[in-house]
Amino acid sequence: METYRSPLLPKEIEALQESLKYHAETEGSSAITEFLDIPWITQNARIYSEQGNVVKFYQGDKFCGILIFDVDRGWWTPKVILSEVAVLSCLGVHGLQREACKMLDQLAEEYRASLIASGCFFQRHPQMVSNCYKKFGYVDTYPTYAKVVNHDNQ
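Please read all numbers here as calculations on a predicted model, not as lab measurements.

Engineer: Just to check I follow, could you spell out the packing of aromatic side chains for this structure?
Structural biologist: Scanning the entire structure with this criterion turns up three aromatic pairs. A ring pair is formed by Phe-69 and Tyr-111, whose centres lie 6.0 Å apart and whose planes are at 55°; its orientation type is tilted. Of this pair, Phe-69 sits in strand E3 (residues 62-73) while Tyr-111 sits in helix H4 (residues 96-111), and the two are 42 residues apart along the sequence. Under the relative-accessibility criterion, Tyr-111 is labelled partly exposed at 27%. One aromatic cluster in this structure is built from Tyr-4, Tyr-58 and Phe-63.

Shown next as structure tokens:
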């Protein structure tokens, strides 16, 4: 796959919006089905892409999806941390997670990151994505917990 780091184009955003809607309905986790906000995602994806923090994946002329990432230092270490914000594939695209893992390694080298933080909260059953991470040397370290809070009943 070819990769590009340039601002997202309207046709790319449209393809991602369509894919997000479909995947949220068919395989989304409870957090995604409850809180997904396509306009919010779109706005933030544009900002990340304008800052150079989006990698676009193509096969020839076919847009396949994106990796959104962030680079910073945590509150607990002066070391550089590369964080996967999201991997979003277009409808009908398979194997993007493998390409994203390869790109995370390249970005870690580029930014001299000591740690890559990633995960999958999007899917209802993330085992396939988890298996991909493991193949690229990631290990299960600490669980992530989520709780929906209803402030209307207080």
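Engineer: Looking at this model, I keep getting lost on the pairing of strand E2 (residues 54-59). Mind explaining?
Structural biologist: Each regular strand carries side chains that alternate between the two faces of the sheet. With respect to burial, E2 is a largely interior element, five of its six residues being buried. Two strands pair when backbone bridges link them, and strand E1 (residues 2-4) and E2 are joined in this way by three bridges, in the antiparallel orientation. Bridge pairing links Tyr-4 to Lys-56 in E2. Remark: two residues form the turn of the hairpin made by E2 and E3, two consecutive strands paired antiparallel; Gly-60 in that turn has positive phi of roughly 65°.

Engineer: Quick question: what am I supposed to make of the confidence of the model for the chain here?
Structural biologist: Caution applies to low-pLDDT parts of the model: their predicted coordinates are not meant to be read in detail. Looking at the chain, the pLDDT average stands at 89 and 88% of residues meet or exceed 70. Highest mean pLDDT in the chain belongs to E2 (98); lowest belongs to helix H5 (residues 127-135) (75).

Engineer: Which parts of the structure should I look at to understand the packing of helix H1 (residues 10-27) against helix H3 (residues 38-50)?
Structural biologist: The description of two helices packed together rests on the angle between their axes and the distance between the axes. Packing of H1 against H3 leaves a shortest axis separation of 11 Å and a crossing angle of 140°. It follows that H1 is oblique to H3 by the angle criterion. As for the relative orientation of H1 and H3, their crossing is right-handed in sense. Contact with H1, carried on its side by Ile-13, Gln-17, Leu-20 and Lys-21, involves Ile-38, Ile-41, Thr-42 and Arg-46 of H3 and no other residues of that element. In terms of residue class, the contact of H1 with H3 is built from four nonpolar, two polar and two charged.

How each quantity is defined
- Residues numbered from 1 in each chain as written.
- Predicted model: local features only at pLDDT ≥ 70, side-chain atom pairs only at ≥ 80, totals over all residues.
- Heavy atoms only, no water.
- Phe/Tyr/Trp six-rings, centres within 6.5 Å; stacked < 30°, edge-to-face > 60°.
- Helix = DSSP H or I, 4+ residues; strand = E, 2+ residues; numbered from the N terminus.
- Buried < 20%, exposed > 50% of the residue type's maximum accessible area, 1.4 Å probe, protein only.
- Pairing = 2+ DSSP bridges.
- pLDDT = per-residue confidence, 0-100.
- Axes fitted to C-alpha atoms, helices over the stretch in contact; angles between N-to-C directions.
- Parallel < 35°, antiparallel > 145°, perpendicular 65-115°, else oblique.
- Left-handed = near helix turned anticlockwise from the far one by under 90°.
- Contact = heavy atoms within 4.5 Å.
- Nonpolar A, V, L, I, M, F, W, Y, C, P; charged D, E, K, R; others polar.

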